[in-house]
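Overview (structure and organization)
Next come the chains, spelled out residue by residue.
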Amino acid sequence: MTDGPPARVFCPVCSARFPPKEDVAEGKLVRCSVCGQLLVLRAGNGEWSGERYAQLTDDEIRDRVNGFAGLRDYHFSEMKEEILEGLLAKRDAFGDFYCPCRVEHNSDYQCPCKPTRGGDVERHGKCHCGLFLKGMKRNRSALAI
Amino acid sequence: MPDVVKIFALSTCPYCRRTKRFLSEKNVEYEAVDVDLLDDAEQERVLEEIEEMTGRHSFPVVVVGSEIVVGHDEEKLKKVLGL
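Residues numbered from 1 in each chain as written. Chains lettered and ligands numbered in written order. Predicted model: local features only at pLDDT ≥ 70, side-chain atom pairs only at ≥ 80, totals over all residues.

Further remarks concern the environment of Val65(A). Residues and elements named next belong to chain A. Considering the arrangement of structural elements, one finds valine 65 in helix H1 (residues 58-72). Residue class for valine 65 comes out buried when judged on the 24 C-beta atoms lying within 10 Å of it. Distance from valine 65 to glutamate 85, taken between C-alpha atoms, is 13 Å for residues 20 residues apart in sequence. Those residues in contact with valine 65, other than ones at most four positions away along the chain, are Cys111 and Leu131. (Helix = DSSP H or I, 4+ residues; strand = E, 2+ residues; numbered from the N terminus. Buried ≥ 20, exposed ≤ 12 C-beta atoms within 10 Å, placed from the backbone. Contact = placed C-beta atoms within 7 Å.)

Okay, structure coming up:
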């Protein structure tokens, strides 16, 4: 690998190549800035890629959805726990954390699904299954009083 | 004779679970089809049927005679079931 920050890190969850915010090193944990997945950095074939941290565990999907909500300033539905149960059921039945409210089970529908990563929450106020909700804007003038 | 109540659902969908639970709590007998667990050919046929009825692939879909309720909506269910 060359010195200095790499141009991109490949995320195996959303297939994005994202620019890391900090210096990278083998085995270091970074968060994908597109889907919120926590990744263990691995160097190889001239580029950095990420290994899914705690792959396919309850911890992985909880951390991912919390990470994604944090990145986008979204909040959660009151049905969060039921939707997480659905994601775990999807993993058990179809092999990964695909949206529990869609019949499809392919990489486009890894949670957060491609439409959600592409801005559905901004457009519609929520994602397809209603897990992520658009954050409330702060009323700055009221806060200033 | 009362209409047969049919629900098209996904086995992993929390809204579908809520709808099934609501119907059970109200002692409504229903026939449930978990679309995601059907074999490919049957799934394709059922999805076409759902799209024809509702214009989309959203779940759950509850069919009561000629009435169709898409999504978990207890007020609409009470209305169409006369509860």
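This paragraph deals with unusual backbone geometry. Looking along the chain, the bond that leaves Cys111(A) and enters Pro112(A) is cis, with omega of -5 degrees. Tracing the sequence through the fold places Pro112(A) in the loop between helix H2 (80-94) and helix H3 (114-117). Here Asn27(B), not a glycine, exhibits a phi torsion of approximately 55 degrees, which is positive. In this fold, Asn27(B) is placed in the loop between helix H1 (14-25) and strand E2 (30-34).

Residue and element names in this part refer to chain A. Domain parsing of chain A yields domain 1 (9-52) and domain 2 (75-133). If you average the C-alpha positions of domain 1 and of domain 2, the two centres end up 22 Å apart. In this complex, domain 1 contributes 6 residues to the contact, which on the side of domain 2 involves 4 residues. (Domains from an automatic or database assignment.)

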